Structures are given as C-alpha cells and as structure tokens.
Amino acid sequence: MALIETLDTGFGAWNPLLWLVALVVALLIAWLIRSRGESARPSGAESAKPYLSGNDAPSAEETHVGASNLYWGFTDALKGYYDRVVPIHSGILTDYVLWFIGVLALVIIMAGVL
Amino acid sequence: MIWEFWSANAPALLLAIPMLGAFATPLIGRMGKTPRNLWILLITALTFVTSAVLAVEVYTTGPVIYTFGAAASSAALVSDSGGIPVRIIFNVDAMSAFMALFASFVGMVAAVFSFPSGKMESGRDGYFALLLLLLVGILGMVCTGDLFNFFVFLEINSLAGAALVAYRIDKGVAVEAALKYAFLSTLAGLLVLYAVALLYGQYDSLNIAVIAERMQFGFLDKVALALLLTGLAMKAGAVPMHFWTPDTYSMAPSAITAFLVVASQASLYGVFRVAFTLYGLTLNYVTIGWFIIILGVLSMFVGVSMAIPQKDVKRLMAYHAVSQTGYMLLGVGVGLAVLGDPVMLESFGLTAMEGGIFHIVNHAMYKGLLFLTAGAIFYQTGTRNLNKLGGLGHSMKWTMLFFVIGALAIAGIPPFNGFASKLMIYESVFAFNPLLSIIAMVVSILTLASFVKVFHAIFMGPRQERYAEVKEVPVPMLAAMGILALLTVLMGIFPQQIVDLVISPAAGALVDQGSYIASVMGGL
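Residues numbered from 1 in each chain as written. Chains lettered and ligands numbered in written order. Predicted model: local features only at pLDDT ≥ 70, side-chain atom pairs only at ≥ 80, totals over all residues. Heavy atoms only, no water.

Caption draft 1: Broad picture of the overall build of chain A. When you go through chain A residue by residue, the secondary structure sums to five helices and two strands. Along chain A, helices and strands appear, N-terminal first, in the series β-β-α-α-α-α-α. In terms of overall size, chain A is more extended than a compact globule, its C-alpha atoms giving a radius of gyration of 28 Å where 114 residues would be expected to give roughly 13 Å. Expressed along its principal axes, the backbone C-alpha trace of chain A runs to roughly 80 × 60 × 25 Å. For chain A, the exposed surface amounts to about 8300 Å²; the carbon and sulfur share of it is 65%. Charge-centre separation for chain A: the mean point of 6 positive side chains lies 8 Å from the mean point of 10 negative side chains. (Helix = DSSP H or I, 4+ residues; strand = E, 2+ residues; numbered from the N terminus. Rg over C-alpha atoms; globule rule 2.2 N^0.38 Å. Areas by Shrake-Rupley, 256 points an atom, 1.4 Å probe, with all protein chains shown as cover. Lys, Arg positive; Asp, Glu negative; His and termini not counted. Charge placed at Lys NZ, Arg CZ, Asp CG, Glu CD.)

Caption draft 2: How the structure looks around the side chain of Asp 93 of chain B. Along the chain, Asp 93 of chain B falls in the loop between β2 (89-92) and α4 (94-117). Discounting chain neighbours no more than four positions away, the residues touching Asp 93 of chain B are Val 58, Pro 63, Arg 273, Ala 509 and Tyr 516 of chain B. (Contact = heavy atoms within 4.5 Å.)

Caption draft 3: Up close: the pattern of salt bridges. Tallied over the entire structure, the rule returns seven salt bridges over all chains. Between Lys 79 of chain A and Asp 83 of chain A there is a salt bridge, with the nearest N and O atoms lying 3.4 Å from each other. Of this pair, Lys 79 of chain A and Asp 83 of chain A both sit in helix α4 (residues 79-88), separated by four residues, roughly a single helical turn. The exposure class of Asp 83 of chain A is partly exposed, given its relative accessible area of 48%. Put simply, Lys 180 of chain B and Glu 176 of chain B hold a salt bridge, and the shortest N to O gap is 3.4 Å. Placement of the pair is Lys 180 of chain B and Glu 176 of chain B together in helix α7 (residues 173-203), with a separation of four residues, close to one helical turn. Residue class for Glu 176 of chain B comes out partly exposed when judged on its relative accessible area of 42%. A cluster of three or more residues bridged by salt bridges with shared partners is formed by Glu 176, Lys 180, Asp 247 and Arg 315 of chain B. (Salt bridge = Lys/Arg side-chain N within 4 Å of Asp/Glu carboxyl O. Buried < 20%, exposed > 50% of the residue type's maximum accessible area, 1.4 Å probe, protein only.)

Caption draft 4: Geometry of the interface of chain A and chain B. Taken residue by residue, the interface counts 47 residues in chain A and 73 residues in chain B. Each partner contributes to the roughly 5000 Å² buried at the junction of chain A and chain B, and carbon and sulfur atoms together form 75% of this total. Counting across the chain A and chain B interface gives zero salt bridges. Run the count over chain A and chain B and you get 11 residue pairs in polar contact (both at pLDDT 80 or more). When residues of the side of chain A that touches chain B are traced back to their parent elements, those giving at least two are β1 (7-8), α1 (16-35), α2 (60-63), α3 (72-77), α4 and α5 (93-110) of chain A. Broken down by element, the residue count for the side of chain A that touches chain B peaks at 10 residues, all from α5 of chain A. (Buried area = accessible area lost by both parts, 1.4 Å probe. Polar contact = N/O pair within 3.5 Å; in protein donor to acceptor, adjacent residues only side chain to side chain.)

Caption draft 5: Seen up close, α1 of chain A. Taking 1.5 Å of rise per residue, 20 residues should cover 28 Å, and α1 of chain A covers 28 Å from first to last C-alpha, within 8% of that figure. A side-chain oxygen of the first residue of α1 of chain A lies 2.8 Å from the backbone nitrogen of Leu 17 of chain A; this N-cap is Asn 15 of chain A. (Expected span 1.5 Å × (residues − 1).)

Caption draft 6: Quick peek at the packing of aromatic side chains. Residues and elements named next belong to chain B. All told, the structure shown has 27 aromatic pairs over all chains when counted by the stated rule. Ring centres of Phe 403 and Phe 459 lie 5.4 Å apart, and the angle between their planes is 50°; this geometry places the pair in the tilted category. Taken together, the positions of Phe 403 in helix α15 (residues 397-410) and Phe 459 in helix α17 (residues 434-459) put the pair 56 residues apart, joining distant regions of the chain. Assigned by exposure class, Phe 403 and Phe 459 land together as buried. Across from the ring centre of Tyr 127, 4.3 Å away, lies the NZ or CZ of Arg 124, which sits over that ring. One Lys or Arg, Lys 367, reaches over the ring of Phe 371 and ends 5.4 Å from the middle of that ring. (Phe/Tyr/Trp six-rings, centres within 6.5 Å; stacked < 30°, edge-to-face > 60°. Lys NZ or Arg CZ within 6 Å of the ring centre and 35° of its normal.)

Caption draft 7: Just a nonpolar patch on the surface, in detail. A cluster of nonpolar side chains, namely Leu 17, Val 21, Val 25, Ile 29 and Ile 33 of chain A, defines an oily patch on the protein surface of about 450 Å² accessible area. As for its position among the elements, Val 21 of chain A is in helix α1. (Patch = residues over 30% accessible without salt bridge, like charges linked within 9 Å, V, L, I, M, F, W, Y side chains within 5 Å.)

Caption draft 8: Summary view of unusual backbone geometry. Cis geometry marks the peptide bond from Val 239 of chain B to Pro 240 of chain B; its omega dihedral reads 5°. Residue position: Pro 240 of chain B is located in the loop between α9 (219-236) and α10 (244-251). The peptide bond linking Pro 414 of chain B to Pro 415 of chain B adopts the cis configuration, its omega dihedral lying at 5°. Secondary-structure assignment places Pro 415 of chain B in the loop between α15 and α16 (417-432). Even without a glycine there, the phi angle at Tyr 71 of chain A is positive, about 65°.

Caption draft 9: Structural view of the nonpolar core. Residues and elements named next belong to chain B. Counting residues in each nonpolar core, the largest one holds 228 residues, and the members touching the most others are Phe 98, Phe 102, Leu 199, Tyr 279 and Leu 330. It is helix α14 (residues 342-381) that contributes the most residues to this core, 19 residues altogether. Sequence-distant contacts of Leu 330, that is, excluding residues within four places in its chain, are made with Ile 293, Gly 296, Val 297, Met 300, Ile 425, Val 429, Leu 436 and Ala 440. (Core = buried A, V, L, I, M, F, W, Y, C linked by side-chain atoms within 4.5 Å.)

Functional significance is not addressed by these values, which are geometric in nature.
In structure tokens:
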C-alpha cells in the first residue's frame with residue numbers, strides 16, 4: 001500500500017502527493033521571482049512613506065479596512081434575498097417554534113401520514 | 001486482567017468513566033485548580049482510549065453487543081429474557097464506533113483548551129462536570145441500541161449543553177441563548193419521546209433492532225418517523241430549523257462551541273440511524289431521501305449566505321456550521337434516495353454517503369479548530385466584533401496559522417481534509433443530480449470568500465495601538481488548536497486510508513440494516 005494513496009471517488013481520483021509536489025514547485029517559482037526583486041528599500045526616506053496627496057497618513061487603526069466594508073457589493077446585489085432572509089432570523093423564540101411546526105407539518109405530509 | 005476487563009466492558013466504561021469523572025469533579029476541584037485539570041485530562045484521555053479500544057474491536061471483529069445487567073453481556077437474548085431483548089442493549093457497529101471515537105477525541109481537546117481559557121471566571125468545577133456530562137450524552141446517543149435510552153441521552157446532551165451555553169451569563173445574553181437552546185431541545189426531545197411511545201405501543205419493544213425487524217410502516221410508524229426526523233434535524237441545526245445555532249454557538253465559551261458541533265452531529269447520527277436502520281427500505285426512501293437532500297441544500301446556501309454579512313466572528317462561524325451540515329445531509333440523503341436501487345447505490349450512492357460521513361469527522365476537526373481560534377482571539381482581545389479587530393497576525397502568529405488551516409479546510413481547498421470529503425460529495429452527487437453538485441461547489445466558493453474576509457479583518461493590516469499588549473495564547477490553548485490543525489492536515493493527505501479504515505465500514509453499517517438486526521436477534 002502506497003504511503004499516500006489516491007482517493008477514489010468512483011468517478012475520478014485525487015492524489016494529495018501529486019498536489020503537494022505541484023504546490024512545492026509553485027512556491028519555488030514564487031520564491032525565484034521574489035528573489036529577483038530589490039533586496040532592500042530605503043528606510044526613513046520620504047519615498048518609504050505613504051503619499052496621500054500631501055496629507056498626513058491616518059493612524060494604523062484608521063487604515064485597516066473593516067469587515068463591514070468587504071463584500072458590500074455582494075450583499076447589495078442580493079438585496080432582495082437578504083431583505084427577506086435576514087428578518088426571518090428574528091431572534092424570537094416563538095418564531096423559531098413556528099418554523100419547527102411548519103417543517104413538522106411538511107414532513108408529516110411527505111412521510112405519507114396524510 | 002485489567003486489559004481483558006476493559007476490553008470486554010468497553011461500551012459500559014465508555015459512559016461510566018466520564019460519568020464518574022463528572023460527579024467527582026466538584027470534589028476534586030476542592031483540592032485546587034491543577035489537580036482538577038489533571039483529573040479532567042485523565043478522564044477525557046481514558047474515555048478516548050476506551051472508545052479507541054472499542055473501535056478496534058468493532059472494526060476487526062464486527063458489531064459489539066453489550067447487554068446491561070446480563071451475566072453474559074455480549075448476548076442480547078439472555079436465557080431469562082424469554083427470547084426478547086428486554087434489557088438495555090448497546091449495539092456498537094462501525095458507524096457508532098466512528099462517532100464515539102471522534103466525539104471523545106474532540107471532548108478531550110475541548111477540555112484541554114478550557115484549562116486556561118477561563119482563568120478569571122468562577123464555577124470552573126461545574127463547567128468541567130457539565131462538559132463531561134455533555135460527553136456522556138453524546139456517547140450514549142451514538143452507542144445505544146435502545147430508543148428510550150437514546151431519548152435519555154439526548155436529554156443529557158441537551159441539558160448539559162444548555163447549561164454550558166449559559167456559563168458566561170454575559171449580561172443575560174448567554175442565558176437567553178441557553179434558554180432558547182433548552183426550550184427547542186426540550187421540544188425536540190418531547191417529539192422524540194412521543195415517537196418512542198408510539199413505536200413501543202406498536203411493537204412492544206424499545207430495542208431498535210426489534211422494532212426494525214417488525215416495522216410495518218403503518219400510520220403510527222409514519223407519524224413516529226415525522227416526529228423523529230423533525231426533532232433530530234432541528235437538533236442537528238438543519239435549515240429552516242437552524243435559528244438557534246447562531247445564538248447558541250456565538251454565546252457559548254469557544255471550547256464548548258467546538259464540542260456543541262459534535263453534540264449536533266450526534267443528532268445528525270440520530271437522523272441517519274432512524275432513516276437507515278430503524279425504518280430502512282420500509283419507508284418511502286426516495287421521498288424522505290429528497291427531504292434530507294432539500295434540507296441539506298437549504299442548509300448549505302442559507303448558512304453561507306447568512307454568514308457573509310456577519311460582524312461577530314463566532315456568529316459567522318455558526319452560520320458556516322449550518323452550511324457544512326448541509327453537505328453531510330446532502331451526501332447521506334443521496335444515499336437514502338437510492339437505497340432501494342442496488343445499481344445506483346453501488347455506482348454513486350455509497351460514495352455519496354461516505355463523503356457525507358467523512359465530512360462529519362472533518363467538520364468536527366476544522367470547525368472545532370476554527371471555533372478554538374475564535375476563542376483564542378476573544379481570550380486576548382475581549383471582542384468578537386470583526387470591525388474592531390485587525391493586525392493580530394503580528395502578535396498571534398500561531399493562532400493565525402491554525403486559523404488559515406481551518407479556513408482553507410472548510411472552504412474545501414486541497415490538501416486539507418475538507419477537500420477530500422467535498423470531492424467525494426461533488427462527484428457522486430453529480431451522478432445523481434448535477435445541479436445539486438454545482439450548488440455545493442458554489443457554496444464552497446462563498447465559504448472561501450467569507451473566510452478571506454475574516455482572515456483580513458482579524459489578522460491583516462498594520463499592528464494596532466489598542467492591541468499593542470496582545471500576545472500569543474497560553475500553551476494548552478495552542479496545543480489544543482495544534483492537535484486539531486495537525487489532524488486537519490493529515491486527514492487531507494491520507495484520505496483514502498481513513499475512508500478504507502473507518503468511513504467505508506461506517507457507511508456499510510448504515511446501509512446494512514440486516515446485520516444490525518441480526519447482531520441483536522441472532523442469525524449472523
């Protein structure tokens with residue numbers, strides 16, 4: 001038995017060893033490209049500072065892009081979906097029970113009781 | 001001598017050890033923090049070793065029957081029982097052994113992570129006692145062959161879980177989350193109890209194998225099926241009965257959240273056991289199979305889409321837990337839908353089931369890991385708000401590494417374990433219905449996108465002034481995360497060995513209703 005066997009999915013196969021070899025090769029290429037760059041940059045010089053049209057750079061806290069600023073386009077595009085789904089998650093226990101009873105009714109029908 | 005006793009009584013010891021441990025914890029806790037922690041470590045380690053002993057026996061010799069109170073515990077039909085299995089019987093087949101093995105492992109890791117995580121908190125003895133009782137509930141649910149016994153362990157699971165969710169109180173918010181969990185769990189438990197009563201009235205037995213053998217699938221059996229499936233699917237967190245999961249998972253201490261994932265999977269096990277073993281081919285398996293598939297697809301999509309806009313890291317991860325449960329439901333649901341067609345079952349149904357079952361353990365590892373990393377971040381920063389976090393990659397490098405491993409695994413990126421099980425699900429489900437497989441892949445992409453956001457929000461960016469004092473978490477917490485991270489990697493690199501060793505036998509045990517019945521009623 002090979003140490004790292006090929007995973008048989010019934011339709012295809014997946015060998016982690018081959019993937020790892022490919023990953024190492026890709027990392028090697030990345031390292032080679034990186035090593036061709038400048039080894040050092042001027043420190044303390046004006047060119048090392050961020051340039052914001054002559055304005056002072058904001059503090060570290062302010063430059064970090066917060067989680068809410070990410071994927072707004074995705075949620076905006078699916079606004080119609082979110083406007084319906086988010087309110088369902090009301091946090092109200094009786095709402096949860098209603099959904100539960102609704103699914104129970106559905107399963108009773110699907111199971112062939114009615 | 002001791003080894004023989006241990007091996008012969010492993011199913012009973014599997015529960016007796018953590019139960020004894022739970023009740024003795026408050027006493028040992030009076031001796032101090034270190035003896036108590038050592039005691040908890042000993043108990044959880046012994047429980048894990050016992051489950052491993054049991055698993056080895058099951059995987060080498062077949063299902064293990066343990067009859068409580070009988071002179072010969074290995075015989076279900078003892079001489080004084082009149083030919084019927086009247087006593088409580090544990091029927092540990094490959095599926096049960098698989099569940100018990102990883103549940104006890106995650107329980108041990110959750111305990112280790114908890115050692116330093118609550119140093120400023122009181123009531124730690126009760127916390128650990130409840131953690132052990134939660135472990136008892138889970139192990140009992142997956143090992144028992146008795147329906148009423150299953151209900152009892154479901155209740156232990158629910159009550160211990162709810163009490164642990166309320167542990168932090170947190171201005172009443174955690175208590176509210178626990179109350180919701182307790183209420184819904186009680187409701188589910190009552191439905192299960194009512195279903196058990198219906199089946200007992202029908203078949204004069206509480207034993208799963210006996211009821212399965214006599215199953216007529218009449219009117220009351222159908223009502224019982226609906227009650228069991230709905231109650232257990234709700235406890236497993238399937239959409240649209242998942243609403244409690246973000247509330248509960250986000251408010252519980254992180255180690256408990258990681259373990260609650262396993263507690264939910266015990267209910268998922270219940271869904272599978274009811275469908276495949278209790279009812280088997282007598283039920284309208286195509287309809288019920290599709291019902292489980294639809295629950296799975298809804299869980300996958302609603303879970304991930306609700307995760308994306310979340311700002312609380314644990315709430316976000318809780319929605320992902322719902323989403324990942326969908327994969328398991330999808331894989332095993334496909335297996336159920338083709339249960340009556342041997343050609344399709346052989347062609348792709350079993351692989352889909354194996355993928356779903358493999359995903360259960362993978363999910364326990366990487367989701368447990370992710371919740372622990374969230375706990376580590378909360379431990380050091382005191383916040384779960386993604387908008388307030390940032391730049392922690394400078395000071396919490398190990399936590400960041402473990403988070404990346406967990407995030408890539410949940411997104412199904414090779415070579416981590418999530419990829420292996422998802423690949424099995426994608427390819428086999430594609431043969432059943434290509435659309436379902438495509439949805440599953442899209443959900444994985446959205447999962448990756450969501451975790452890129454979390455990674456950026458927590459770890460990227462310049463070092464922040466307000467977190468200048470933040471440093472890496474204590475060693476026990478790192479060790480707990482490291483163990484899960486290591487397993488997440490190893491299970492991705494050696495997937496076929498794991499499938500051959502534990503997953504295929506577990507799927508086979510689910511499908512083979514006849515063997516389950518025969519192991520109790522004789523005729524093997």
